[in-house]
Amino acid sequence: MTTTTTECGWDQAGVRCGRCGTERTATTEADYLKAVGAHGDAHAVWDRLNATERSGFASILRTILAAPDLAAELLALADRQPTGGGGR
């Protein structure tokens, strides 16, 4: 087994969330900080939603994340639509 180290001497670092048990492993300090930050932000968003919103949000994410082209098109539409508009 070959181990590659980075400039900072990192091999890998792991973190386990005390709230949900999710485990992440990173090979650089930047990736570690990014993973920890993103997971914390996900908890912050999730905590603001009620049960109905959580279900709908999860459904929408599953649909969009399964189709990157759809995500790109939805963002393009959002950028072209006036705020609050229902333009068809």
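It should be emphasised that the depicted structure is a prediction, and the values quoted were computed from it without experimental measurement. (Residues numbered from 1 in each chain as written. Predicted model: local features only at pLDDT ≥ 70, side-chain atom pairs only at ≥ 80, totals over all residues. Heavy atoms only, no water.)

J.: Help me understand the confidence of the model for the protein in this model?
T.: Looking at the protein, the pLDDT average stands at 87 and 82% of residues meet or exceed 70. Here strand β1 (residues 13-16) stands out as the element of the protein with the lowest mean pLDDT, 90, in contrast to helix α2 (residues 51-65), whose mean of 96 is the highest. (pLDDT = per-residue confidence, 0-100. Helix = DSSP H or I, 4+ residues; strand = E, 2+ residues; numbered from the N terminus.)

J.: Sorry if this is basic, but what is going on with the packing of α2 against helix α3 (residues 68-80) here?
T.: Pairs of packed helices are described in terms of their axes, by the angle between the two and the distance that separates them. Where α2 meets α3, the axes come as close as 6 Å, and the angle between the chain directions of the two elements is 110°. As the angle between them shows, α2 and α3 are arranged roughly perpendicular. Here T63, I64 and L65 of α2 come into contact with α3, specifically with P68, L70, A71 and L74. (Axes fitted to C-alpha atoms, helices over the stretch in contact; angles between N-to-C directions. Parallel < 35°, antiparallel > 145°, perpendicular 65-115°, else oblique. Contact = heavy atoms within 4.5 Å.)

J.: I tried to follow α2 on my own but got confused; where do I start?
T.: Across its 15 residues, α2 extends 21 Å between first and last C-alpha, which sits within 8% of the 21 Å expected from 1.5 Å per residue. Two to three positions downstream of the cap, the backbone nitrogen of T52 sits 3.0 Å from a side-chain oxygen, assigning the N-cap of α2 to N50. (Expected span 1.5 Å × (residues − 1). Polar contact = N/O pair within 3.5 Å; in protein donor to acceptor, adjacent residues only side chain to side chain.)

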